[in-house]
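Observations on the three-dimensional arrangement
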Amino acid sequence: MIKVENLSKAFGPVKALDSISFQVERGEIVGILGPNGAGKTTLMRILTGFFPPTTGSILIDGLDLSKNLRKIQAMIGYLPESAPLYKEMTPEEIVAFSARMKGSAGRNVKKDVERALEACGVGSVKNRLISTLSKGFRQRTAIATALVGSPKILILDEPTSGLDPEQIVEIRDLIRNLSGERTVILSTHILHEVAHLTERILILQNGRLVASDRLENLQEAFGSGFEISASIIGPTEKIVELLLQIPGVLEVEFTERENSSEYLIKTEEPDSVRAEISRRLVEAGFELVELKKPELTLEDIYLKSVRKNAAHRSARAQKFASV
Amino acid sequence: MNAAFSIFRKDLAIYLKSYPAYLAAAIFLAIAGYFFYWELNYFSVVSYRLASSPHLTNPGLNLTESILSTFFMNIGVLLLLILPLISMRAFAEERKMGTLEALLTYPVSDAAVLVGKFVSVWLIGLLMIAPTFLFISLAQFFGGVFDWRVILTAYGGLMLLSGAFSALGLLTSAVTESQLVSAMLSFGFLVLLWMIGWGAELLNHSPAAFLHGLSIFEHYRNFTKGIVHICDIVYFIFFISFFLLITKEWLGARRWVR
């Protein structure tokens, strides 16, 4: 288990991370989402012990990272951003180097290397120079260097960055297959990547953790539970008038389409109102195509959480200014 | 130790796979060969004239002293030009490619990384120097008579000199991600350490002794004459340790809590 508490990192006057706390359970796949400059790479570098935090603590399997650096680094397989590799080496050589650096020795090196190369699907090109490989194979080789030595934790910084759509799907499948008992923390700024890959999402913005939960819980939390969306065929003005007469309906917005119009109905309490909306529309002879609670996309959640954080900061700033 | 050896092996393999290393070695050996030939030729002309003109006094020409001292000093200057081109990639290239981050997050100490890299750069320098032994062996084969104690001492001095250049080169490579900047910094600093000895001749006693003490080539010169002074050995050991220590601290600076 990884437990991060009140983690902050400052580079001079710039706060790259600001009091971040979260936990990651064993075997969980967690996605760190945020725009460029949100602090994702800084967080990953701290987790891998590349540099220490300014304040805060990290416990991994009960061990304090600051006091057990080497021990914890031995548990981690890290893929830095842009998957750097030595172009003069072959996948087999580079993965063997990584294995030795992680403490593997003698006959174990060969076994570990074979296992990692096969798991990442680079066995067929293991003797070719990195400089001659496609971006996809290079990415796989870089993941193999992180995977070799069977680390308990995989930390992958933007693992699909710079790949074409087909390669992205391949690498996603690879990461999903690798997870198993392993804890995987990956960062990305591609929204649907976390939806496809991860069980839990941490959203970072300006160094602050603005959301941390499972996708469905975030949809629940950030979705306005008081909205209903409807697709109805009929004259829009009459439909809006009818909807506003229903007790509990506060506001109606609509978008006209070719066949039916889309309505967003804001209510006091959606569950009881929904049945009434359906009944009244049918009674009035309008054709109700669809009636549902709108499902938030990851993009909606991301934007809402980021805006909420910005509004919170702005309110705090105003409060201080008035004092 | 295992990690340092792995890094040494990896870096050595990369150097040996890259053509610039061979190009640098070829240039080094071509110029060193030319120097040796020139010194040998000059010696044979002078000794022939002395032999054919009985009225000239023989100043006691000695093959070892006349050729080797100058030859080894010239090799030292050549190394000053070539080794920064070898050491420049040690950290600068890793930083530029992004591999340094992965390297420094393995469960190994910064010191192990540094030692592995230092030994690989040093060994590449020694591998470049080694074929120069062939020049002397050839001259010996064709009738030259050398004092092998002087030769061994001079090669010992060259080993220390290339170790010192490698240590300084690693520092300049660690402070930048540009290989060119690293090579220029290293070259500039080494030239300064060379020239510092020239200025000493213009000064009075105590500053002159101090500047002589700092000059890297003044300490190397004794080895080229077959003289081993403990203070010269201590100077090189101190030089290498000092620059390796600063490089280690520089690498560790990322861990300073700000």
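Note that this is a predicted model, so its numbers are computed, not measured. (Residues numbered from 1 in each chain as written. Chains lettered and ligands numbered in written order. Predicted model: local features only at pLDDT ≥ 70, side-chain atom pairs only at ≥ 80, totals over all residues.)

Moving on, we get to the overall build of chain B. Secondary structure summary: chain B contains 12 helices and 0 strands in total. In sequence order, the secondary structure elements of chain B are arranged as α-α-α-α-α-α-α-α-α-α-α-α. By residue count, 39% of the 258 residues in chain B fall in the buried class. When contacts within chain B are restricted to residue pairs at least 6 apart in sequence, those whose partners lie at least 24 apart make up 78%. (Helix = DSSP H or I, 4+ residues; strand = E, 2+ residues; numbered from the N terminus. Buried ≥ 20, exposed ≤ 12 C-beta atoms within 10 Å, placed from the backbone. Contact = placed C-beta atoms within 7 Å.)

Another aspect to go through is the overall build of chain A. Secondary structure assignment for chain A yields 11 helices and 14 strands. Taking 2.2 N^0.38 as the reference for a compact globule, 323 residues should give roughly 20 Å; the C-alpha atoms of chain A span a radius of gyration of 25 Å, well beyond that estimate. The 323 residues of chain A split such that 39% are buried. (Rg over C-alpha atoms; globule rule 2.2 N^0.38 Å.)

For chain A, the assigned domains are domain 1 (2-221) and domain 2 (224-292). Once you take the C-alpha centre of each, domain 1 of chain A and domain 2 of chain A turn out to be 46 Å apart. (Domains from an automatic or database assignment.)

By size, the foremost hydrophobic cluster in this structure holds 136 residues, and its most contacted members are V95, A144, L147 and I155 of chain A together with A164 of chain B. Per-element tally for this core: the top contributor is helix α8 (residues 148-174) of chain B, with 12 residues. Residue contacts for I155 of chain A: discarding those within four places in its chain leaves M44, L47, T48, I76, Y78 and I185 of chain A. Ranked by size, the runner-up nonpolar core spans 12 residues in total, among them I228, L243, I277 and L281 of chain A. (Core = buried A, V, L, I, M, F, W, Y, C linked by C-beta atoms within 7 Å.)

What follows is about the sheet that holds strand β14 (residues 287-292) of chain A. Residues and elements named next belong to chain A. Read from one edge of the open sheet, 4 strands run β12-β13-β11-β14, paired in antiparallel fashion. Unpaired on one side and paired on the other, β12 (249-255) and β14 mark the two borders of the sheet. Along the sheet, successive strands turn relative to each other by an average axial angle of 25°, direction set aside. Looking at chain direction, β12 and strand β13 (residues 261-267) are connected through 6 bridges and run antiparallel. (Pairing = 2+ DSSP bridges. Axes fitted to C-alpha atoms, helices over the stretch in contact; angles between N-to-C directions.)

With that out of the way, let us pick up the sheet that holds strand β8 (residues 183-188) of chain A. Residues and elements named next belong to chain A. Read across the open sheet, the 6 strands follow the order β6-β7-β8-β3-β9-β10; overall the sheet is mixed. The sheet is open, and its two edges are formed by β6 (76-79) and β10 (208-214), each paired on a single side. Strand-to-strand twist in this sheet, taken as the mean axis angle between neighbours without regard to direction, amounts to 15°. Pairing of strand β3 (residues 29-33) with strand β9 (residues 200-205), which is carried by 4 bridges, proceeds in the parallel orientation. Directly across from L33, in β9, lies its bridge partner I203. Here helix α6 (residues 165-179) sits on the sheet in contact with β3, β7 (153-157) and β8, set at roughly 155° to β8.

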